[in-house]
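Working through the structure, step by step
Residue-level listing of the chains:
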Amino acid sequence: MTLVAGVDSSTQSCKVVVRDAETGALVRTGKAAHPDGTEVHPDHWWSAFQEAAAAAGGLDDVAAISVGGQQHGMVCLDQAGDVVRPALLWNDTRSAQAATDLNNELGKEVWAEAVGSVLVASFTITKLRWLAQNEPENAARVAAVCLPHDWLTWKLSGSTSIHDLVTDRSDASGTGYWSAKDGYRLDLLKLAFGRDDIVLPRVLGPAESGLKTPAGALLGAGTGDNAGAALGLGAVTGDVVVSIGTSGVASAISEVPAAETTGTVAGFSDATGRYLPLVCTLNAARVLASTATMLDVDLDRLAELALSAPSGADGLVLVPFLEGERTPNRPHAKGAFHGLTLTNMTPAHIARAAVEGLLCGLADGIDALVEQGVEVKRVFLVGGGAKSEAVRRIAPMVFGRPVVVPEPGEYVADGAARQAAWVLSGDAEAPTWRSGAVETFEAPADPAVRARYAEVRDLTEGL
């Protein structure tokens, strides 16, 4: 049996899966936590990977490894390959003004045409502008810039040369200075950072290996987390993948790139050579966790409460912009309850409003994908939030489409493992692995829920 490994280095943790390269059968797994915060030194990712790999029984027997990772972010290295400053993660919003400034300097339409997306604070290029403006001494030390999964792949290779950095199309498409059509746009990098003389990772094809581990295992290009999840799920045209984790994401496989000019849809690439138009929200599973804390219940009880309340929560709506918001692009917004009455000011109604508010934000994202020509036949529901029985049963009512919940798994790590097997095979297409069990949820749509949410969505502080 030939083994491959897939790694998911996410915001919250590192997961490692080891699978049979031919069938995809799971052999063993491991996991380790990452520290909290939106600013993290990459050494923590390396320590967590080593812990997760050890928990998975070690990786000495695997023939290939690929790393899926949290997208965007900014990892700056000096000439010797040392980290210049702790990495700014995708959900660090201190570069919100930089994003606004850059969009204004060229125009949103120009950015969308150039790199497929209007800039928001998540994009690496906005963080580089922030660095140049706020930490000029650190900016002057920067010799290379890479992304979280690029850095971890590089560490796995044992190299200390910044010229050995590699990345893939899916993650490069979230930097703001790479185009699926034109490659790196050094003119945009110079506009943002004031320099274009820095090393950028070489962009590899989906099945290309640019490095090896010291033990000789092939290292794949890796992938951004959302593209990795789509690959791990085997998503095809007509499928939208909605992930409810630290962030909320709605993404779809597309044969053509997106270039939406309002900033709602990011025109990313996927892990197969195609495209992955994507909508991302900052507020997702932690909306449920925060509501459970407020009500002094656990998540299972929160779901029971939500399902005991009527659809629409008797007019109570939660606009869940608890951490600001990325989509819509309102980094300083606050969350708000609307429509409180003596009737609906109950734990059950509050729980229902939290679930519906979370799902309404994601439904707005699905609508934005449809406006870009995406066909939606069914919705894959994944991530920690998908474990909630209330989310599963209410989602088809809000989305208006069948909701498919795969068996629990590490979809990003699985996608990375599938890419590793692809690298090993050298075939034209990714290997076909047997799909796991799924559960399908269907329910009549309730348009009134989304209509009520739309009435109050913009009535929040900090817009």
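Note that the structure is a prediction, hence the values are computed from the model and not measured.

Time to look at the overall build of the chain. The helix and strand inventory of the chain stands at 15 helices and 24 strands. Here the C-alpha atoms of the chain give a radius of gyration of 21 Å, agreeing with the 23 Å that 2.2 N^0.38 yields for 463 residues. A principal-axis box enclosing the C-alpha atoms of the chain has dimensions of 65 × 55 × 40 Å. Scored against the burial criterion, the 463 residues of the chain give a buried share of 59%.

Another point: the state of the cysteines. A full pass over the atoms with the stated rule returns zero disulfides. Cys146 forms no disulfide, and the closest cysteine sulfur to it belongs to Cys76, at a distance of 8.3 Å. Note on Cys146: relative accessible area 1%, which makes it buried. In this structure Cys280 is a free cysteine whose sulfur lies 18 Å from that of Cys360, the closest cysteine sulfur available.

Taken N-terminus to C-terminus, the directions of helix H12 (residues 347–371) and helix H15 (residues 447–456) make an angle of 90°; their axes are 10 Å apart at the nearest point. On the basis of their axis angle, the class for H12 and H15 is roughly perpendicular. Between H12 and H15, the residues in contact are Glu356, Gly357, Cys360, Gly361, Ala363, Asp364 and Asp367 and Val449, Arg450 and Tyr453, respectively. Among the residues forming the contact of H12 with H15, the class breakdown is four nonpolar, two polar and four charged.

Spatially, the seven strands line up as an open sheet ordered E18-E19-E17-E16-E22-E23-E24, and their pairing is mixed. Whereas interior strands pair on both sides, the edge strands pair on one side only; in this sheet they are strand E18 (266–269) and strand E24 (438–441). Taking the axes of each pair of neighbouring strands and ignoring which way they run, one obtains an average angle of 30° across the sheet. Bridge count between strand E23 (residues 403–406) and E24: four bridges; the pairing is antiparallel. The residue bridging Val405 from the neighbouring strand is Glu439, located in E24.

Attention now moves to the side chain of Thr327. By the element assignment, Thr327 lies in the loop between strand E20 (317–319) and strand E21 (336–338). Since its relative accessible area comes to 12%, Thr327 is described here as buried. Engagement of the side chain of Thr327 in a polar contact is seen with the backbone oxygen of Cys280, the distance being 2.6 Å. Leaving out residues up to four positions away in the same chain, Thr327 has contacts with Thr264, Val279, Cys280 and Thr281.

In this fold, Ala430 is placed in the loop between helix H14 (411–425) and E24. If we skip the residues at most four places from it in the chain, Ala430 touches Leu231, Arg418 and Trp422.

Moving on, we get to the nonpolar core. Counting 56 residues, the largest nonpolar core has Val240, Val242, Ile244, Leu359, Leu381 and Phe399 as its most contacted members. The dominant element in this core, judged by the number of residues it contributes, is H12, at 14 residues. Counting 47 residues, the second-largest nonpolar core is a separate cluster that includes Val84, Trp130, Ala235 and Val241.

Here is what the cut-offs are and how they apply
- Residues numbered from 1 in each chain as written.
- Predicted model: local features only at pLDDT ≥ 70, side-chain atom pairs only at ≥ 80, totals over all residues.
- Heavy atoms only, no water.
- Helix = DSSP H or I, 4+ residues; strand = E, 2+ residues; numbered from the N terminus.
- Rg over C-alpha atoms; globule rule 2.2 N^0.38 Å.
- Buried < 20%, exposed > 50% of the residue type's maximum accessible area, 1.4 Å probe, protein only.
- Disulfide = S-S within 2.5 Å.
- Axes fitted to C-alpha atoms, helices over the stretch in contact; angles between N-to-C directions.
- Parallel < 35°, antiparallel > 145°, perpendicular 65-115°, else oblique.
- Contact = heavy atoms within 4.5 Å.
- Nonpolar A, V, L, I, M, F, W, Y, C, P; charged D, E, K, R; others polar.
- Pairing = 2+ DSSP bridges.
- Polar contact = N/O pair within 3.5 Å; in protein donor to acceptor, adjacent residues only side chain to side chain.
- Core = buried A, V, L, I, M, F, W, Y, C linked by side-chain atoms within 4.5 Å.

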